[in-house]
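# Working through the structure, step by step
Listed here are the chains, written in short residue letters.
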Amino acid sequence: MLKCPIDKMDDVFEEIAKIAKLYLPVDIGESIVYKPWEKGDVWSDAVNTSLSPKELFFPQTENLMEFKTEGKSIEVIDTRRENGPFVVFGVRACDVKSIEVLDRVFLAEPVDSYYAKRREEGIIISTACTRPAETCFCTTFDVSPQEPSGDISSWKTDEEVFFKANTEKGENFLKKITSYIVECDEDRVREQKEKILKIMDKLPLKNLKADAFGGGKTDEFFCHPAWDELSGSCLGCGACTFVCPTCQCYDIKDFNTGSGIIRFRCWDSCMYSDFTKMAHGNNRHTQKERFRQRFMHKLVYYPENNEGIFGCVGCGRCIAKCPVSMNIVKVMKKIGGK
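Model, not experiment: these values are computed from the prediction.

### Quick word on the packing of helix 9 (residues 287-305) against helix 11 (residues 328-336)
- Two numbers describe how helix 9 lies on helix 11: the axes approach to 11 Å, and their chain directions differ by 80°. Comparing the axis directions of helix 9 and helix 11 gives the class roughly perpendicular. Residues Phe291, Phe295, Lys298 and Leu299 of helix 9 pack against Ile328, Val331 and Met332 of helix 11.
- Split into classes, the residues belonging to the contact of helix 9 with helix 11 amount to 6 nonpolar, no polar and 1 charged.

Below is the structure:
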């Protein structure tokens, strides 16, 4: 275990920024965003950022390749650039778990080389939650806010920040940061973990269970009569999918520049009427079908194909952002009877 005085963290950030691009959660207006660190930036104490750090590994828009044509010949141009190492600091436990969910999608065969490169270059430094929000329900999905994973875990108190390496990549990185960081025991960290557990026990969603869901439950839930009622208020705006740290749907489009073609991908949403639309149309014609697809994927389809791991991490962003207050918690309580 290592520690650093809280008033020396700016010096630590500066040291990190010399060896890797550093992203830090910062308050900007009413939003909390991960931005490239600049001297003077203040590490936000917010429980969660407006958007997860997913975009640093799976960008909202990304050029995949370019095509140049001349007569019948086509030249394919690789548009990828070497970005180098980067560090994402202050990631909450739920968002670390969400990256693990994405790993099972993008690092499975055939591996997504764009995503894989960023995962190879990126170092995740997580931070335990000292004041979770009322919308948090991460423990429902076996996420430990007091014991976040990642390459390096950290715990922040009023006086100090504690660090523990979890991976070889994290251990090697901590060896490069020597200023103001010293060895220590784990007593203060143990105290903070106990405080976090007491706070979590007071949250309104502490008793939410996912026991009713999981792989093999398609027949049980697919035709549940509650889908009509639940989907009736859904606007199909897609806000829930764009703030969700585990949503991985994307579309691929070609753009004619006049001198060639750029092929790019961008985030998409299963809540949209044109999602996966092809020449024959869309295979989900109603909002009910699209609504059901989103939640069945999180609670049934994904765990069925991923050793029981759910596609939700309980970050609570969908609760906070849905304009009609429809979210996965209401679905779980209505469909699962919890």
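### Overview of the sheet that holds strand 12 (residues 261-267)
- Spatial strand order, 5-4-12-11: 4 strands in an open sheet with antiparallel pairing. Strands at the two margins of the open sheet, each flanked by one partner only, are strand 5 (73-78) and strand 11 (250-256). The sheet shows a mean angle of 25° between the axes of neighbouring strands, taken without regard to direction.
- As defined by bridge partners, strand 4 (residues 61-70) adjoins strand 5 across 6 bridges and the pair is classed as antiparallel. When the bridges of strand 5 are listed, Phe67 appears paired with Val76.
- On the sheet, helix 3 (residues 113-121) packs against strand 4 and strand 12 and is oriented at approximately 130° with respect to strand 4.

### Quick word on the layout of surface pockets
- Taken as a whole, the largest pocket spans an internal volume of roughly 450 Å³.
- Listed by contribution, the elements that provide at least two residues to the lining of the largest pocket are strand 3 (31-36) and helix 5 (187-200).
- The element best represented in the lining of the largest pocket is helix 5, accounting for 6 residues.
- For the lining of the largest pocket, the per-class residue count stands at 10 nonpolar, 8 polar and 9 charged.

### Overview of the sheet that holds strand 9 (residues 160-165)
- Here 8 strands make up an open sheet; going across it, the order is 3-2-6-7-8-9-1-10 and the pairing mixed. Bordering the open sheet on either side are strand 3 and strand 10 (182-183), each of which pairs with just one other strand.
- Each of strand 8 (152-156) and strand 9 is contacted by helix 5, which is oriented at about 75° to strand 8, the strand it contacts most.

### A short note on unusual backbone geometry
- Here Glu109 and Pro110 are connected by a cis peptide whose omega angle stands at -5°.
- By secondary structure assignment, the location of Pro110 is in the loop between helix 2 (93-106) and helix 3.
- Despite not being glycine, Asp142 has its phi angle at roughly 60°, a positive value.
- Here Asp142 lies in the loop between strand 7 (122-127) and strand 8.
- Phi is positive for Ser325, which is not a glycine, with a value near 55°.
- With respect to the element layout, Ser325 can be found in the loop between helix 10 (317-321) and helix 11.
- Ser325 gets classed as partly exposed once you look at its relative accessible area, which sits at 39%.

### Considerations on the pairing of strand 6 (residues 86-91)
- Counting buried residues in strand 6 gives 6 out of 6 residues, a clear majority hidden from the surface.
- Sheet analysis places strand 6 next to strand 7, joined by 5 bridges and oriented parallel. Each bridged residue has a counterpart across the sheet, and for Phe89 the counterpart in strand 7 is Ile125.

### Some remarks on helix 1 (residues 9-19)
- Looking only at helix 1, the buried set comprises Met9, Val12, Phe13, Glu15 and Ile16. Each buried residue of helix 1 sits inside an arc of 160° when the element is viewed along its axis, so together they form one side.

Cut-off values and rules
- Residues numbered from 1 in each chain as written.
- Predicted model: local features only at pLDDT ≥ 70, side-chain atom pairs only at ≥ 80, totals over all residues.
- Heavy atoms only, no water.
- Axes fitted to C-alpha atoms, helices over the stretch in contact; angles between N-to-C directions.
- Helix = DSSP H or I, 4+ residues; strand = E, 2+ residues; numbered from the N terminus.
- Parallel < 35°, antiparallel > 145°, perpendicular 65-115°, else oblique.
- Contact = heavy atoms within 4.5 Å.
- Nonpolar A, V, L, I, M, F, W, Y, C, P; charged D, E, K, R; others polar.
- Pairing = 2+ DSSP bridges.
- 1 Å grid on protein atoms, 1.4 Å probe; cavity = no way out; pocket = protein on both sides within 12 Å on 5 of 7 lines; lining within 4 Å.
- Points joined across faces, edges and corners; volume = space filled by probe spheres on them.
- Buried < 20%, exposed > 50% of the residue type's maximum accessible area, 1.4 Å probe, protein only.
- Arc of directions from axis to C-beta.

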